[in-house]
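The residues making up each chain are set out below.
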Amino acid sequence: MASLETPVCDFGRPAPDFALPGTDGKIWTRDACAGERGLLVMFICNHCPYVKAVRERIVRDARELIALGIGCVAVMSNDPQDYPEDSFENMRRVAEQFRFHFPYLLDESQAVAKAYEAVCTPDFFGYNAALELQYRGRLDASRKDTAPDDAKRDLFEAMEQVARIGIGPDRQIPSIGCSIKWKTR
């Protein structure tokens, strides 16, 4: 399993639109997911140890960001034929088990991951109210193991700043995780 780091934030890059099915049975678009102060798009999956180490923190941070006017959405773009743990049924189970209060969407064609240039799970894209990229970094210092409880909350603090002033921090530490499992057929 290769681990990858996300590229440096391309400040101002617009958020690509999408229309994807959610585990709640609805079709979700970018604009339906956005909040009045911005949008956090998270590429995650069910099987990745890097995601498993931070699922509870993702839920916590998303809950607090939604209260600040930042809409949150999670997208699963892996090939579930090669990674059955990432199947749509298992996505539903994980969303229920971890009480996702944000849409968890299936990117079956992988077109959305390609449009965002997602490289790994987790991969975080934080946008301001104009849907311009302001954050492309890590959640916190967690790797395959969860960081200590008092770890700096990089993603939350960056998006809190975006909610307040519309601009992300200059200094951002890349996220690290498993590569997106691209279809080969």
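Provided above is the structure to which this section pertains.
Keep in mind it's a predicted model, so treat the numbers as computed, not measured. (Residues numbered from 1 in each chain as written. Predicted model: local features only at pLDDT ≥ 70, side-chain atom pairs only at ≥ 80, totals over all residues. Heavy atoms only, no water.)

Can you help me understand the packing of aromatic side chains in this one?
Aromatic ring pairs are defined here through the distance separating the ring centres and the angle between the ring planes. Applying the stated criterion across every chain yields a total of seven aromatic pairs. With a centroid separation of 5.7 Å and an interplanar angle of 75°, the aromatic rings of Phe 43 and Phe 125 are classed as edge-to-face. Linking Phe 43 in strand S4 (residues 38-43) with Phe 125 in strand S8 (residues 123-128), this pair joins segments that are 82 residues apart in sequence. On the basis of relative accessible area, Phe 43 is assigned to the buried category, the value being 0%. Seen in terms of ring centroids, Phe 100 and Tyr 104 are 5.2 Å apart; in terms of plane orientation they differ by 65°. Their pairing is edge-to-face. Neither residue differs from the other here; Phe 100 and Tyr 104 are each classed as buried. Here the basic side chain of Arg 153 rests over the ring of Phe 156, its NZ or CZ set 4.2 Å away from the ring centre. (Phe/Tyr/Trp six-rings, centres within 6.5 Å; stacked < 30°, edge-to-face > 60°. Helix = DSSP H or I, 4+ residues; strand = E, 2+ residues; numbered from the N terminus. Buried < 20%, exposed > 50% of the residue type's maximum accessible area, 1.4 Å probe, protein only. Lys NZ or Arg CZ within 6 Å of the ring centre and 35° of its normal.)

Teacher, can you tell me more about the side chain of Thr 6 here?
Mapped onto the elements, Thr 6 comes out in the loop between strand S1 (3-5) and strand S2 (19-21). Excluding residues that lie within four positions of it along the chain, Thr 6 makes contacts with Val 119, Cys 120, Asp 123, Arg 136, Pro 174 and Ser 175. (Contact = heavy atoms within 4.5 Å.)

Looking at this structure, how should I read helix H6 (residues 154-165)?
An α-helical turn contains 3.6 residues, so any two residues separated by three or four positions project in the same direction. A rise of 1.5 Å per residue sets the reference length of H6, with its twelve residues, at 16 Å; its end C-alpha atoms lie 17 Å apart and thus fit the reference within 8%. Residues Asp 154, Leu 155, Phe 156, Ala 158, Met 159, Val 162 and Ala 163 constitute the buried set of H6. Of the surrounding elements, those touching the buried residues of H6 are S4, helix H3 (55-67), strand S5 (70-76), S8 and strand S9 (133-135). (Expected span 1.5 Å × (residues − 1).)

What should I look at first to understand the nonpolar core in this one?
Soluble, globular proteins show a tendency: their nonpolar side chains are buried together. Core analysis: the largest hydrophobic core is formed by 36 residues, its most contacted members being Leu 40, Met 42, Ile 44, Ile 58, Phe 100, Phe 102 and Tyr 104. Elements supplying a minimum of two residues to this core: S4, helix H2 (49-52), H3, S5, helix H4 (88-97), strand S6 (104-106), H6 and strand S10 (176-179). Top contributing element to this core by residue count: H6, with six residues. If we skip the residues at most four places from it in the chain, Leu 40 touches Leu 65, Ile 70, Gly 71, Cys 72, Val 73, Phe 124, Phe 125, Gly 126 and Leu 155. With 21 residues, the next largest nonpolar core counts Ala 15, Val 75, Ala 113 and Ala 118 among its residues. (Core = buried A, V, L, I, M, F, W, Y, C linked by side-chain atoms within 4.5 Å.)

Even after reading the chapter, I still don't get the sheet that holds strand S7 (residues 120-121), so can you show me in this structure?
The pairing of strands in a sheet comes from backbone hydrogen bonds and takes either a parallel or an antiparallel form. Across the sheet, three strands lie side by side as S1-S10-S7; this open sheet has antiparallel pairing. Each edge of the sheet is formed by a strand with only one pairing partner; in this case those strands are S1 and S7. In terms of strand pairing, S7 meets S10 through two bridges, oriented antiparallel. Residue pairing across strands places Thr 121 opposite Cys 178, the latter belonging to S10. (Pairing = 2+ DSSP bridges.)

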